[in-house]
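Now for the letters of each chain:
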Amino acid sequence: MKIPVIKNSLLFLLAVLLMQSVSAQRAPRKRTNQPDTTNPQQQINNNTQPSGYNPYGNIPIRVDTSAVIDDAAKKSLRNDNAFDKSSVSARTPLGYEHLRWDDALFSEKVWREIDLREKINQPFRYEAESDNGSQIFVNMLLKAVNSGEVTAFNPSDDRFTTPMTLAEISQLTVGSADTVARTDVNDPNKVVEYVVTKASFDAKAINKIRIKEEWVFDREASRLFVRILGICPLKTSYLPNGKERGVTPMFWIYYPDLRPTLAKNEVYNPKNMGNGRMTWEELFESRMFSSYIVKSTFENAGNKTIRSVIRDPILALLEGDNIKDKIFNYEQDLWSY
């Protein structure tokens, strides 16, 4: 009697489970995603267009790259010299002699400007290519910055406090992209295409370089040391009549960080292309360039440049020579004969 009751109970339970399964399959599924109620115009404003979206309709857009200069160094596939120069790339600058603060009897900072148009400074504008790239000095600086070898700092502060990004450096050199409409020759009102252009950077347009240095008299060595602290290329601006308006600093580079790069690049020597060539690091350390003082901390409580105090350019140059003589005479006056 118990066995049939158990069988009937199991059959009834199985039938109930089958009915629940069938009803669950027939029930409509709930939507997990809400319908997209975004305005199509809002999608356009949010830059959600496909990659081939053209804001100018059917008018084609062409990117002109003819003005952009490829600054990648092209390596020579053969030895371009009659002798082996493989050791040049392995050069490293000599370390500075340590100067103690307690031994610094005299210390003054000086800002100079190097005019690249002077005859003695012509190696700074030597137009040639090598395995290291362009031999123009400004191009060497930009290559070192773009490759990450050195860090460029904001020109508003010459104490190297604010690093600059590569995008900011690019904005200073080539600027931003510009879209220009090209019209039909026969119909000036008909736009044929839009051309995206980008200006190229001409390193020869940089006529001046500013350097920041410090003169220190070390009483332990009984001599006057000079240490370059920073280098800053200056961009020259002109008036509509072609007259020079002034210069604008582009960026500062900490010179001790730049020394390893300068030690691997040689300076052009018009008299001897062999052993007579020196590196850029040797040129700066040997002071083989012409410059004039534009500012110093010597008797300058207002921290002003010479030109802001003396308007006449000839008198400003003479004041710079006067500062140079004062620093030189300080060392000479310490000796008695």
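Bear in mind the structure is a predicted one, so any value in this text is a computation, not a measurement. (Residues numbered from 1 in each chain as written. Predicted model: local features only at pLDDT ≥ 70, side-chain atom pairs only at ≥ 80, totals over all residues. Heavy atoms only, no water.)

All right, on to the pattern of salt bridges then. Counted under the stated rule, the structure contains 17 salt bridges. A salt bridge links Lys-208 to Glu-244, with the shortest nitrogen-to-oxygen separation between them at 3.6 Å. Placement of the pair is Lys-208 in strand E8 (residues 208–218) and Glu-244 in strand E10 (residues 244–249), with a sequence separation of 36 residues. (Salt bridge = Lys/Arg side-chain N within 4 Å of Asp/Glu carboxyl O. Helix = DSSP H or I, 4+ residues; strand = E, 2+ residues; numbered from the N terminus.)

Turning our eyes to something else, we now look at the environment of Thr-165. Within the fold, Thr-165 resides in the loop between strand E5 (152–153) and helix H4 (166–173). Spatially, the C-alpha atoms of Thr-165 and Ala-152 are 7.9 Å apart, while their sequence positions differ by 13 residues.

A word on the confidence of the model for the protein. Averaged over every residue, the pLDDT of the protein is 82; residues scoring 70 or more account for 79%. In this model residues 32–48 is a low-confidence stretch, pLDDT under 50, and it forms 5 contacts with partners more than four residues away in sequence or in other chains. (pLDDT = per-residue confidence, 0-100. Contact = heavy atoms within 4.5 Å.)

Attention shifts here to unusual backbone geometry. One non-glycine residue, Phe-160, lies in positive phi territory at about 60 degrees. By secondary structure assignment, the location of Phe-160 is in the loop between E5 and H4. In this model, Arg-287 sits at a positive phi of 60 degrees, which is unusual for a non-glycine residue. Residue position: Arg-287 is located in the loop between helix H6 (280–285) and strand E12 (292–296).

Buried together is how nonpolar side chains tend to be arranged in soluble globular proteins. With 33 residues, the main nonpolar core has Phe-124, Phe-137, Ile-231, Phe-251, Leu-258, Trp-280 and Phe-284 as its most contacted residues. Elements supplying a minimum of two residues to this core: helix H3 (137–146), E8, strand E9 (223–238), helix H5 (255–262) and H6. In terms of residues, this core owes the most to one element, H3, which gives 7 residues. In contact with Leu-258, not counting residues within four places along its chain, are Leu-141, Ala-144, Val-150, Ile-231 and Ile-253. Listed in part, the 11 residues of the second largest apolar core include Val-110, Trp-215, Phe-217 and Ile-306. (Core = buried A, V, L, I, M, F, W, Y, C linked by side-chain atoms within 4.5 Å. Buried < 20%, exposed > 50% of the residue type's maximum accessible area, 1.4 Å probe, protein only.)

So, on to the layout of surface pockets. Reported here for the largest pocket is a volume of approximately 930 Å³. If you go around the largest pocket, you meet 31 residues; those closest to its centre are Lys-85, Val-88, Ser-130, Asp-131 and Asn-132. Taken together, the elements giving at least two residues each to the lining of the largest pocket come down to strand E3 (129–130), H3 and H5. Tallying contributions element by element places H3 first for the lining of the largest pocket, with 3 residues. (1 Å grid on protein atoms, 1.4 Å probe; cavity = no way out; pocket = protein on both sides within 12 Å on 5 of 7 lines; lining within 4 Å. Points joined across faces, edges and corners; volume = space filled by probe spheres on them.)

Time to look at the side chain of Asp-115. Relative to the helices and strands, Asp-115 is located in strand E2 (residues 104–115). The class for Asp-115 is buried, based on a relative accessible area of 14%. Looking at Asp-115, its side chain comes within polar contact range of the side chain of Arg-117, at 3.1 Å. Sequence-distant contacts of Asp-115, defined by excluding residues within four places in its chain, comprise Asn-121, Asn-207, Lys-208 and Ser-290. (Polar contact = N/O pair within 3.5 Å; in protein donor to acceptor, adjacent residues only side chain to side chain.)

All right, on to helix H8 (residues 313–333) then. Between the first and last C-alpha of H8 there are 30 Å, a value that for 21 residues agrees with the 30 Å anticipated at 1.5 Å per step. Those residues of H8 that sit buried are Ala-316, Gly-320, Ile-323, Ile-327 and Glu-331. Viewed end-on, H8 has its buried residues packed into an arc of 80 degrees, placing them on one side of the element. Exposed residues lying more than 90 degrees from the buried face of H8 are Ile-314, Leu-318 and Asp-333. Close packing links the buried residues of H8 with E2, E8, E9, E12 and helix H7 (306–309). Its side-chain oxygen 3.1 Å from the backbone nitrogen of Ile-314, Asp-312 forms the N-cap of H8. (Expected span 1.5 Å × (residues − 1). Arc of directions from axis to C-beta.)

Glancing now at the environment of Met-140. Residue position: Met-140 is located in helix H3. Sequence separation between Met-140 and Ala-203 is 63 residues, and the spatial gap between their C-alpha atoms is 9.9 Å. Apart from residues no more than four positions distant in its own chain, Met-140 is found in contact with Ser-134, Gln-135, Asn-265 and Trp-280.

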